[in-house]
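Per-entry structural report
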Amino acid sequence: MLQKKICMLGASAVGKTSLVARYVQGIFSEKYLTTVGVKIDKKPVTVGGVDVLLMLWDMQGEDRFQKVQMSYLRGAAGYFLVADGTRRDTLDRALILQKEAEATAGAVPFVLLLNKSDLEDEWDIEDAALAELTASGWTVLRSSALSGLNVDEAFQLLAQRTTE
Amino acid sequence: MEGYPEAVLKFLQMVSIEHGAPAFIHVDHEGIVIEAGGQLDVHGLADVAEGILAEERLNFLVGLLPIGTVPVHLPAVETAPSCHADVHVVESESGAWIILFDRSREVAERRVAQQLANDMSLLRDDLARRHTGLPGSPEASDAATPIFKFSGDGETHAASVVTIIFHDLARIDTDPAELIRDLAVYSRAATRPMVDEAGLVHGLLGDQLRVTFGALPTTVAPATLAVTAARRMLGAIDDVNAARNDDGKPSYHMSIGIASGQLAFGLIAGPARRVFTAVGDLYLRSDRLARMTGLGNLLIDRATFDLAGDDQRLFGPAPPGLGGADESYMLVLQ
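Before going into details, it helps to say that this report is about the structure given with it. (Residues numbered from 1 in each chain as written. Chains lettered and ligands numbered in written order. Predicted model: local features only at pLDDT ≥ 70, side-chain atom pairs only at ≥ 80, totals over all residues.)

What about the overall build of chain B?
Test applied: Helix and strand definitions follow DSSP, with helices as H or I runs of at least four residues and strands as E runs of at least two, each counted in order from the N terminus. Residues are called buried when their C-beta atom has 20 or more other C-beta atoms within 10 Å, exposed when it has 12 or fewer, and partly exposed otherwise; all C-beta atoms are positioned from the backbone. Residues are scored as being in contact if the C-beta atoms we place from backbone atoms lie within 7 Å.
In terms of regular secondary structure, chain B is built from 7 helices and 13 strands. By residue count, 37% of the 334 residues in chain B fall in the buried class. Put simply, 56% of the contacts in chain B that link residues at least 6 apart link residues at least 24 apart.

This is the structure:
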């Protein structure tokens with residue numbers, strides 16, 4: 001089976017692990033356990049009639065205490081940039097990470113996920129900022145690991161892009 | 001290895017093998033395992049054997065091979081549940097060497113520190129938001145003002161909350177002046193673990209303390225934080241007692257009760273002085289548990305036990321006189 005490596009990139013506590021858990025196991029847990037290093041999960045999908053095994057690299061988040069190891073991206077077919085829609089600075093962090101990821105993995109497909117869309121009252125990212133990114137060719141989706149909004153769709157979309 | 005005496009190199013080798021549990025896997029240009037050895041079992045990879053396609057067993061190799069001339073270092077890769085290894089992939093004439101060093105202990109330690117750091121970051125973000133008037137800020141001068149974003153809406157917030165009350169510090173044979181002096185030491189020892197674990201200390205009356213977990217934003221389940229804080233409190237009072245016993249004085253004892261459930265909370269009073277308040281029968285329940293457990297122990301209710309996750313292993317059913325197995329659980333390990 002064709003195997004594709006997909007990395008989850010983003011600041012700490014934006015919901016990378018929860019997105020993977022929602023997608024792979026269909027569950028969401030309120031209990032949060034910080035990821036240290038990297039954990040790899042597998043998920044088989046069908047893209048255009050072809051069976052593909054996604055290898056999902058759930059990487060530790062980046063913050064002032066720890067940098068994301070870009071060596072993890074070696075051989076990645078695509079990646080998600082994950083930001084927490086209730087924390088504007090996590091989007092800034094995602095923008096920086098995108099540049100670093102491109103330097104390591106090359107111009108592979110990526111999707112920006114603005115996670116925690118279920119916390120609408122606390123939303124902290126202006127539509128204008130997103131419109132700018134979309135206009136420059138980025139794919140941006142609001143997601144929620146809690147409700148499942150756009151989770152399957154995002155992974156399916158990226159899987160499809162990696163096989164084009 | 002120039003510049004290192006042979007004896008030092010030998011020692012380094014020994015330390016590396018003893019503490020790093022190194023393992024190696026040699027693959028050919030097609031990615032087939034041609035040799036494997038070292039302490040593979042430590043990494044949960046005991047079944048890696050000659051002849052298998054390495055990528056099918058070692059997920060982290062997908063996309064990496066052929067490796068090229070520049071070695072790759074992948075820190076703290078989870079190779080099996082609770083097993084983390086630093087992975088090095090190095091080119092060889094036949095293909096590539098994959099070399100693993102155990103890092104499970106360091107990862108477990110780092111996770112605790114990182115979790116605390118994340119909690120602090122989230123709390124700071126929340127405070128910053130409240131000061132910048134963004135949605136969720138409580139700058140309104142209403143009589144009842146929600147202070148933290150939480151479940152519920154309007155002016156009262158209902159949340160899954162855990163409370164702790166402890167008491168029974170005082171000994172009737174203690175000199176009152178000495179008791180007040182000790183209370184200062186005791187209070188510090190008791191409240192610090194609560195604050196560390198994101199508990200909101202909002203009731204300190206004499207030797208009794210009321211703490212609410214779940215009102216402050218955290219990344220960890222409130223019940224888990226409450227149990228951790230309570231255990232740390234018991235440890236802290238042991239330290240206080242050790243110092244007292246050295247001076248020939250008797251020990252103080254702490255009894256702790258924890259209850260979990262729904263609670264209404266928010267801020268009352270005006271803009272100049274806001275006071276956190278919470279209403280619900282959880283306080284009565286946790287107080288009752290603390291009184292039931294007697295001196296020097298921790299008793300939790302069924303709801304807390306159900307939410308305690310991995311910490312459930314620390315508890316056993318309380319004796320029938322303490323509510324029975326269906327109602328409460330007693331700390332049996334510390």
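Quick notes on the pairing of strand β11 (residues 297–301) of chain B
Within β11(B), 5 of the 5 residues are buried, which leaves it mostly tucked inside the rest of the structure. Burial along β11(B) is two-sided: the residues B:Asn297, B:Leu299 and B:Asp301 and B:Leu298 and B:Ile300 are all buried.

A look at the interface of chain A and chain B
At the interface, 29 residues of chain A touch 32 residues of chain B. Counting residues per element, the ones that place at least two in the side of chain A that touches chain B are β1 (2–10) and β2 (38–47) of chain A. At 4 residues, β2(A) tops the list of elements feeding residues into the side of chain A that touches chain B.

Points about the environment of B:Ala318
Residues and elements named next belong to chain B. Examined against the element boundaries, alanine 318 turns out to sit in the loop between β12 (315–317) and β13 (328–331). Note on alanine 318: 24 C-beta atoms within 10 Å, which makes it buried. Linking alanine 318 and methionine 330, residues 12 residues apart in sequence, is a C-alpha distance of 5.0 Å.

Here we look at the packing of helix α4 (residues 176–196) of chain B against helix α5 (residues 222–246) of chain B
Residue and element names in this part refer to chain B. Here is the rule we go by: Structural elements are reduced to axes, namely lines fitted to C-alpha atoms, with helices fitted over the stretch in contact, and the angle between N-to-C directions of any two is expressed from 0 to 180 degrees. Relative orientations are named as follows: roughly parallel for angles under 35 degrees, roughly antiparallel for angles over 145 degrees, roughly perpendicular for angles from 65 to 115 degrees, and oblique for any other angle. Helix crossings are classified by the rotation of the near helix relative to the far one: an anticlockwise turn of less than a right angle makes the crossing left-handed, while a clockwise turn makes it right-handed. Three classes are used, and their members are as follows: Ala, Val, Leu, Ile, Met, Phe, Trp, Tyr, Cys and Pro are nonpolar, Asp, Glu, Lys and Arg are charged, and the others, Gly among them, are polar.
Contact geometry for α4 and α5: axes closest at 8 Å, N-to-C directions at 155°. By the angle class used here, α4 and α5 are roughly antiparallel. The two elements α4 and α5 meet at a crossing, and its hand is right-handed. Taking contact as the criterion, the partners of Val185, Tyr186, Ala189, Ala190, Pro193 and Met194 in α4 are, on α5, Ala229, Arg232, Met233, Ala236, Ile237, Asp239 and Val240. Its residues assigned to classes, the contact of α4 with α5 shows 11 nonpolar, no polar and 2 charged.

Comments concerning helix α6 (residues 282–293) of chain B
All names here are of chain B. The cut-off we apply is this: Any helix carries an expected span of 1.5 Å times its number of residues minus one. This arc is built from the directions going out from the helix axis to the C-beta atoms.
Given a rise of 1.5 Å per residue, 12 residues ought to cover 16 Å, and the 16 Å separating the end C-alpha atoms of α6 matches this to within 8%. Every buried residue belonging to α6 is among Leu282, Arg285, Ser286, Leu289, Ala290 and Thr293, and all of these are buried. Angular distribution of buried residues about the axis of α6 spans 135°; they occupy a single face of the element. One or two positions beyond α6, positive phi appears at glycine 294, with a value near 80°.

Focus: α5(B)
Residues and elements named next belong to chain B. Relative to the 36 Å expected for 25 residues at 1.5 Å per residue, α5 spans 36 Å between its end C-alpha atoms, a close match to the ideal helical length. Those residues of α5 lying buried are Pro222, Ala223, Thr224, Leu225, Ala226, Val227, Ala229, Ala230, Met233, Leu234 and Ile237. Where α5 terminates, the next one or two residues include glycine 248, which has phi positive at roughly 80°.

Comments concerning the environment of B:Pro71
Residue and element names in this part refer to chain B. Positionally, proline 71 belongs in the loop between α2 (54–57) and β3 (72–80). Along the chain, proline 71 and isoleucine 98 lie 27 residues apart, while their C-alpha atoms are 10.0 Å from each other. Filtering out sequence-adjacent residues up to four positions away, proline 71 remains in contact with His88, Val89 and Val90.

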